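# Per-entry structural report
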Amino acid sequence: MSTAINDLVLVHIDGKPGFYARIEDVSPDVKPGWWRVKLLVLTVPLEIYTWILEEAQINGTPFTMGGTPIRMEKVVSPLARESVPQPQSLEHPLDEPPDKGKGAKVVSLLDRKKDK
């Protein structure tokens with residue numbers, strides 16, 4: 001799975017989840033085959049790291065920094081994983097209306113704001 005600008009990544013440090021970051025920019029380094037990867041590290045306060053990596057490392061191949069194992073893993077939203085529609089089962093046959101006494105009530109936040 002290829003990683004690109006604006007993707008979220010989970011950076012594993014020494015085999016354990018370390019921090020989340022968003023890839024802000026990827027630009028060629030002076031060394032052929034290497035890339036300058038600018039990461040917005042999602043910590044408080046926010047930080048910017050720039051790492052020089054090979055494309056395979058950007059896409060999840062492990063590497064080391066100062067002898068410490070590092071791996072970047074692209075984060076995929078659970079909503080994107082559920083993009084394949086699942087068949088919906090009907091609680092009530094189409095010719096029977098649902099029982100009005102059961103189920104969740106929909107509350108409009110806009111209507112609540114008007115009441116106050």
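Residues numbered from 1 in each chain as written. Predicted model: local features only at pLDDT ≥ 70, side-chain atom pairs only at ≥ 80, totals over all residues. Heavy atoms only, no water.

## Observations concerning the nonpolar core
For the record, the criterion: To define a nonpolar core, start from buried Ala, Val, Leu, Ile, Met, Phe, Trp, Tyr and Cys residues and group those joined through side-chain atoms within 4.5 Å. Summary of the burial criterion: residues with accessible area below 20% of their type's maximum are buried, those above 50% are exposed, and those between are partly exposed, where the area comes from a 1.4 Å probe applied to protein chains only. In this description a helix means any DSSP run of H or I spanning at least four residues, a strand means any run of E spanning at least two, and both kinds are numbered starting from the N terminus. In this analysis, two residues are considered to be in contact whenever any of their non-hydrogen atoms come within 4.5 Å of each other.
In this structure, Val 9, Val 11, Ile 23, Leu 39, Trp 51, Leu 53 and Met 72 are the most contacted members of the largest nonpolar core, which totals 14 residues. Secondary-structure elements contributing two or more residues to this core are strand E1 (8-13), strand E2 (16-28), strand E3 (34-41), strand E4 (47-54) and strand E6 (68-74). If near-sequence neighbours (up to four positions away) are discounted, Val 9 is found in contact with Thr 3, Phe 19, Tyr 20, Ala 21, Ile 23, Leu 39, Met 72, Glu 73, Lys 74 and Val 75.

## Let's talk about the sheet that holds E1
Put simply, the rule reads: Paired strands, in this sense, are two strands between which DSSP finds at least two bridges. Angles run from 0 to 180 degrees between N-to-C directions of axes, and those axes are lines fitted to C-alpha atoms, restricted for helices to the stretch in contact.
Reading across from one edge, E4-E3-E2-E1-E6-E5 is the order of the 6 strands in this open sheet, with antiparallel pairing throughout. In the strand order of this sheet, the two ends are held by E4 and strand E5 (63-65), each with one partner. Within this sheet the neighbouring strands show an average axis-to-axis angle of 40 degrees, counted without direction.

## Things to note about the environment of Thr 3
Spelled out, the test is: Within 3.5 Å is the distance limit for a polar contact, defined as a pair of N or O atoms, with the added protein rule that one can donate a hydrogen and the other accept it, and that residues adjacent in sequence qualify only through two side-chain atoms.
Along the chain, the position of Thr 3 falls in the segment before E1. Thr 3 sits in the buried class, given a relative accessible area of 12%. In this structure the C-alpha to C-alpha distance between Thr 3 and Gln 57, which are 54 residues apart in sequence, comes to 9.9 Å. Not counting chain neighbours up to four residues away, the residues in contact with Thr 3 comprise Val 9, Ile 23, Ile 58, Asn 59 and Lys 74. Here the side chain of Thr 3 touches Ile 58 through a polar contact of 3.3 Å, landing on its backbone oxygen.

## Re the pattern of salt bridges
Proximity of charged atoms lets side chains of opposite charge pair with each other. What counts is decided by this rule: Salt bridges are defined as contacts in which a side-chain nitrogen from Lys or Arg sits within 4 Å of a carboxyl oxygen from Asp or Glu.
Going through the model one piece at a time under the given rule, you end up with 3 salt bridges. Here Arg 22 makes a salt bridge to Glu 24, at a shortest N to O gap of 2.5 Å. Note on Glu 24: relative accessible area 27%, which makes it partly exposed. One salt bridge connects Asp 29 with Arg 36, and the closest N-O pair in it is separated by 3.2 Å. Taking relative accessible area as the criterion, Asp 29 reaches 14% and is therefore assigned buried.

## A look at the environment of Lys 38
Checked against the element boundaries, Lys 38 lands in strand E3. Relative accessible area serves as the criterion here: at 36%, Lys 38 is assigned to the partly exposed category. Taking C-alpha positions, Lys 38 is 8.8 Å from Ile 52, a pair spaced 14 residues apart along the chain. In this view, Lys 38 contacts Arg 22, Ile 23, Glu 24, Asp 25, Ile 48, Tyr 49 and Thr 50; residues no more than four positions away in its chain are not counted.

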